[in-house]
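# Topology and contacts: notes
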Amino acid sequence: MKYLPLLLLALIWEAVVQLGLVSRDLLPSLSDVAKAGWTLLREGDFWANGAASLYRGGAGLALAIVIGALAGIAMAWWRAVDALVGPLVEALYPMPKSALIPVTVLWLGFGDGSKILLIFLGCMLPVTLGAYNGARSCEQALVWSARSLGASRLRVLWDVVLPAALPEIANGARTALALSFVLLVSSELIVARAGLGYLIGFLGEGGVYDAMFAVVLVVAFLGFFADRLYQRLMDRLLAWRA
Amino acid sequence: MARLTLRFAPWIAVLALALAWELFARSGAVTPFMLPKLSTVLARIWGDAASGELWQNLGLTLYRSLAGFAVAAVIGIGLGFAVAYNRVMRWLFDPLISVGFPMPKIAFLPIITLWLGFYDVSKISMVVFDAIFPVVTATIAATLAVERELLWSARNLGASERELLREVVFPAALPQIMTGLQVALPIALIVCIVAEMKLGGVGLGGAMITASRFADSPGVFAGIVEIAIAGYLLVRVMARVRARLLAWHPETEAPATV
Amino acid sequence: MSGSAQITVESVSHTYRPARGRAVLALEEVSLAVAPREFVALLGPSGCGKSTLLYLIGGFLPVEQGAIRIEGAPVAGPGPDRGVVFQHFALFPWRTVRANVRYGLEKLGLARDEQERRAQAYIELVGLKGFEDSYPSQLSGGMKQRAALARTLAVDPKMLLMDEPFGALDAQTRSLMQAELYAIWQRTPKTVLFVTHDVQEAVRLAQRVVVMSARPGKIKATVDIALDRADPHIYRSAEFAAKVDEIWGLVRDEALKAQ
C-alpha cells in the first residue's frame, strides 16, 4: 500500500518510546497520545473548540471564495473594475497574509471576528486571481454564441463565463483552502481564547503533552484530508473538463 | 511611452494604493486607531530606523529566516536527489511528502518548542520544516525530468556515474530547483514571523504582536509595511540570483510569490 | 564489404517493459553486420525499433536476448568509440558551443590547450566559427545539430551512431546538412550507422540501406546503393529515382502496417 511508510513510522514511534530510547516527557508514546485524544473527544473541550474553529474557517473561506470569485470575474469583465481593483490586487499579492494577524486583532479583538476577517482577506486573493484568469481565458466564441442566441450581458456572465472560469476558480480555491488552515491555526495559536489552535497552546502550557500531541495530529491530518476530499470533489464536479 | 508605463505599472499600483491609504485615513471615515495615516506609519518606521530598533528586529528575523532557508535548501536538494535516484527512498518519502504538503505545519510549533525551547533554534527549525517541502518536490520533479539523451550523450562522451550527477543532472535540474527555492524563500520569511509572534521576543513578529498588545496601532501597521518591503526585497534578490545562475536559460522568468 | 565486421548483431530481440501497461516487443531476432568505414542506413516506419537497435549498439540499453559485438568484444555500455548524435541535439544548454565540444575532450583527460585547439578545429569543421561562445538557446536548429556533430566528432570515434539527426530540421537545412555530413564522412571515413524514416535521405547518404519491418522490428531487406556520388547531378538522375522507388516499395507496406 502506498501509505505503508507512515504505518512504519507510527510503529517506530511507539517502539522508540516504549523501549525508553526517548524520554516520555519529550515524546509521549503513540498509544498514550491516542488514549489522550480519545479522552478529549469523549469528555474534553475538543468539540466546543472544534466547532469554533470550524465556524471561523468555514465562514472566512466561504466569504473569500464567493466574493473573491465575483471580484475576479468582475475585473475580467468590466475594464473599469480592473483599473480600480487591479492595482490593489497586484500590490497586495506579494504580501504575506499572516502579517495581518496583529492588525485583525487590533480591530476585532481575540474572538471569532478577527479570525474570519483574517481568513477572508488572506484567502480571497488566490481565488480572485483564478477567477480573473479563468474568465479572461473564456473563449470569445462562446460569449458571442450565447449573445447571438439572445442572452443578455448579465446572463452570459452567469451561463457562460462563470462555468468557463470554474476550473481556475477551483484551483484558486484549493490554494485558499490550504491557506485558510494555516491562517486559522496560526492566529488561534497566537491570539485566541477558543479554537483548536488555542487548545493546543492551552494543553501545552498545562503540561498535558499527550493530549497536545493528539490535537496537533488531528489538526494536521484535518488539513490533509480536507485537501484530499476537495480534490476528489473537484474531480467529480469538473469531470466535463476531461 | 507604452513600454515605460509597462515597466512602472507595479510601482504605479503601489503609489496608487499609498495615496488611497493616506486620503482614506485623512478623510475621517475611520478612526486613527483603525487606520493610522500612512505618513504617521512612515514616520514611525523612520523613528525605529533612527533608534536602531528596526535594524535589530529586521536583522534577527532575516537571520532566522535565511538560516532556515539555507538549511532547507541544502537538505531539501540532497533529499530530492536521493529520492529521485533511489527506489527505497522514493517509497519511504513519497507518502511523507504528499501527506505533509497540505498540512498546516505551523500546528507543530508547540511540539518544536517543547523539544527545542523558545529561542532561535526552534524558530529556525520551524522554518526548515515548512520551507523544505517546495524544495524537495521541485528537486525530485526536476531530476526525474532530465532528458535521457543528455545523460546518454554525457556517458557516450566518457562521463562516469558520479560525474553525471555533478556535471549533467545538477545543471539540467537547476532551473526547476531554483523555482522551488524561489517559492520557499517567502515561506521561510512568513513562517519565521509567525513563530516570532507566538514565541515573542525580538524580531519583526515579536515586535508586531507586542504592539498589538499595547494597542499601538502605528506600530502594527509599521510592521506590516516593513514585512512587505522585506519580502519584496528578498524576492528581487532571488530573481537577480536566478538571472545570474541561469543566464543560459531561454526563459528566465521568476514565478509569482505566495 | 571486405574485412571482418566491426559491428556484429546476432539474433537480438528487445522488449520494452513500461512501469504501467503491457510489455512491447520492439525487435525480433535481428541480425546485422557492419564493416569498418561502411555507411549504413537503417530505414523503417516509426515504431519499427530502428532507434532501439541503435541504442542497444550504443550501449544505452542492455542486450537481453542475442549478442552485439563491437570489434569482437561484447557491448558493455556507452563509450567514446561509438559516437552518438541524437535527433534533438542533446546539447548541454548551460555550456557554450565551445564548452560543449570540449566536454568529451575533458573526459579524455587532455591538456587544456589541446582541448581548446581540437575543439576549435571541429567547430570550424562544421562551419560554426564565430559562434563558439554562444549558448545553445541562441542557435538555430541547424546550428545546434552542427554543434552536436562537432561535439561527437571531437573525440574521434571510430563509429558514428546517428538517430534521425536531421529529423528536427526544416527541409532546406536538412538538405544542406546531408551534403555536409557526406563531405565530412568522405574526409574522415568512419563507420556510420544512420537511422532515418526518409527514403531519399537513406539513398542519398548510404552505401547500404537496411529496411526494417513494422513492429516488432525485423530486417526485411538490404539494398546496396552503388551510385557515383562524385557526380553532382546524380541526385536528379534516373538511377537515383529508381533506387528510391525500389526501396519505397519495400517500405510502403510496412509504413501502412505501422499506421
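The structure this text deals with has already been given above.
What comes next concerns the included structure. Keep in mind that this is a model prediction, so the values were computed, not measured.

### Some words on the overall build of chain C
From N to C terminus, chain C includes seven helices and 10 strands. A principal-axis box enclosing the C-alpha atoms of chain C has dimensions of 50 × 45 × 40 Å. When burial is assessed residue by residue, chain C has 51% of its 259 residues classed as buried. Entry remark: accessible area of chain C is about 11,400 Å², with carbon and sulfur atoms responsible for 49%. Charged side chains in chain C number 32 positive and 29 negative. The centres of these two groups are separated by 4 Å.

### Re the interface of chain B and chain A
Counting residues at the interface gives 40 residues for chain B, matched by 50 residues for chain A. Taken together, the two surfaces of chain B and chain A that pack against each other cover about 4,000 Å², and 82% of this comes from carbon and sulfur. Remark: the boundary between chain B and chain A carries zero salt bridges. For the pair chain B and chain A, the number of links is three residue pairs in polar contact (both at pLDDT 80 or more). Looking at the side of chain B that touches chain A, the elements with two or more residues in it are helix 1 (2-26), helix 4 (87-100), helix 5 (109-116), helix 8 (161-199), helix 9 (204-213) and helix 10 (217-245) of chain B. When the residues that make up the side of chain B that touches chain A are grouped by side-chain class, the tally is 34 nonpolar, four polar and two charged.

### Things to note about the packing of aromatic side chains
For the structure shown, the criterion picks out 26 aromatic pairs over all chains. When the ring of B:Trp152 is compared with that of C:Tyr55, the centres are 4.7 Å apart and the planes differ by 70°; the resulting orientation is edge-to-face. Within this pair, whereas B:Trp152 is found in helix 7 (residues 148-156), its partner C:Tyr55 is found in helix 1 (residues 50-58), the two belonging to separate chains. Here B:Trp152 and C:Tyr55 have matching classes, each one buried. Ring-pair connections join several aromatic residues into one group, and the members of that group are C:Phe39, C:Phe166, C:Tyr182, C:Trp185 and C:Phe194.

### Observations regarding the sheet that holds strand 5 (residues 73-74) of chain C
Whenever strands of a sheet pair, they do so through backbone hydrogen bonds, lying parallel or antiparallel. Residues and elements named next belong to chain C. Overall, antiparallel pairing links the four strands, which are arranged 2-1-4-5 in an open sheet. At either end of the open sheet lies a strand with only one pairing partner, and these are strand 2 (24-34) and strand 5. In the packing of helix 1 onto the sheet, contacts are made with strand 1 (7-16), strand 2 and strand 4 (65-70), and the angle to strand 1 comes to roughly 120°.

### Quick notes on the interface of chain C and chain B
Taken together, the contact pairs 22 residues of chain C with 18 residues of chain B. Both sides together, the interface formed by chain C and chain B hides about 2,000 Å², and carbon and sulfur atoms give 66% of it. Remark: the boundary between chain C and chain B carries two salt bridges. Salt-bridge contacts for B:Glu163 lead to C:Lys107; the nearest nitrogen and oxygen are separated by 3.5 Å. Our count for the contact surface shared by chain C and chain B stands at eight residue pairs in polar contact (both at pLDDT 80 or more). For the side of chain C that touches chain B, the elements supplying multiple residues, two or more each, are strand 6 (82-85) and helix 2 (97-107) of chain C. Among the residues forming the side of chain C that touches chain B, the class breakdown is 15 nonpolar, four polar and three charged.

### Points about the environment of C:Val195
All names here are of chain C. If you trace the backbone, Val-195 turns up in strand 8 (residues 191-196). As for Val-195 and Pro-165, which are separated by 30 residues in sequence, their C-alpha atoms are 8.0 Å apart. What Val-195 contacts, discounting residues up to four positions off in sequence, is Leu-42, Lys-50, Ser-51, Leu-54, Met-162, Asp-163, Glu-164 and Pro-165.

### Points about helix 4 (residues 79-92) of chain A
Over its 14 residues, helix 4 of chain A extends 20 Å from the first C-alpha to the last, a length consistent with the 20 Å expected when each residue adds 1.5 Å. If you check which residues of helix 4 of chain A are buried, you get A:Gly86, A:Val89 and A:Ala91.

### Quick look at the pairing of strand 3 (residues 39-43) of chain C
Along a regular strand, successive side chains alternate from one face of the sheet to the other. Residue and element names in this part refer to chain C. Of all the five residues making up strand 3, five are buried; the element is thus mostly covered by neighbouring parts of the structure. As defined by bridge partners, strand 3 adjoins strand 8 across five bridges and the pair is classed as parallel. Residue pairing for strand 8: Leu-42 is matched across the bridge by Val-195.

### Some remarks on the pairing of strand 7 (residues 159-163) of chain C
All names here are of chain C. Counting buried residues in strand 7 gives five out of five residues, a clear majority hidden from the surface. Where burial is concerned, the two faces of strand 7 agree: the one with Met-159, Leu-161 and Asp-163 and the one with Leu-160 and Met-162 are both buried. Alignment of strand 6 against strand 7, held across four bridges, turns out to be parallel. Paired with Val-84 across the two strands is Leu-161, which belongs to strand 7. Assessed by its sense of winding, the connection that carries the chain from strand 7 through helix 5 (residues 171-187) to strand 8 is right-handed.

Cut-offs and rules
Residues numbered from 1 in each chain as written. Chains lettered and ligands numbered in written order. Predicted model: local features only at pLDDT ≥ 70, side-chain atom pairs only at ≥ 80, totals over all residues. Heavy atoms only, no water. Helix = DSSP H or I, 4+ residues; strand = E, 2+ residues; numbered from the N terminus. Buried < 20%, exposed > 50% of the residue type's maximum accessible area, 1.4 Å probe, protein only. Areas by Shrake-Rupley, 256 points an atom, 1.4 Å probe, with all protein chains shown as cover. Lys, Arg positive; Asp, Glu negative; His and termini not counted. Charge placed at Lys NZ, Arg CZ, Asp CG, Glu CD. Contact = heavy atoms within 4.5 Å. Buried area = accessible area lost by both parts, 1.4 Å probe. Salt bridge = Lys/Arg side-chain N within 4 Å of Asp/Glu carboxyl O. Polar contact = N/O pair within 3.5 Å; in protein donor to acceptor, adjacent residues only side chain to side chain. Nonpolar A, V, L, I, M, F, W, Y, C, P; charged D, E, K, R; others polar. Phe/Tyr/Trp six-rings, centres within 6.5 Å; stacked < 30°, edge-to-face > 60°. Pairing = 2+ DSSP bridges. Axes fitted to C-alpha atoms, helices over the stretch in contact; angles between N-to-C directions. Expected span 1.5 Å × (residues − 1). Right-handed = clockwise from strand over helix to strand, strands pointing away.

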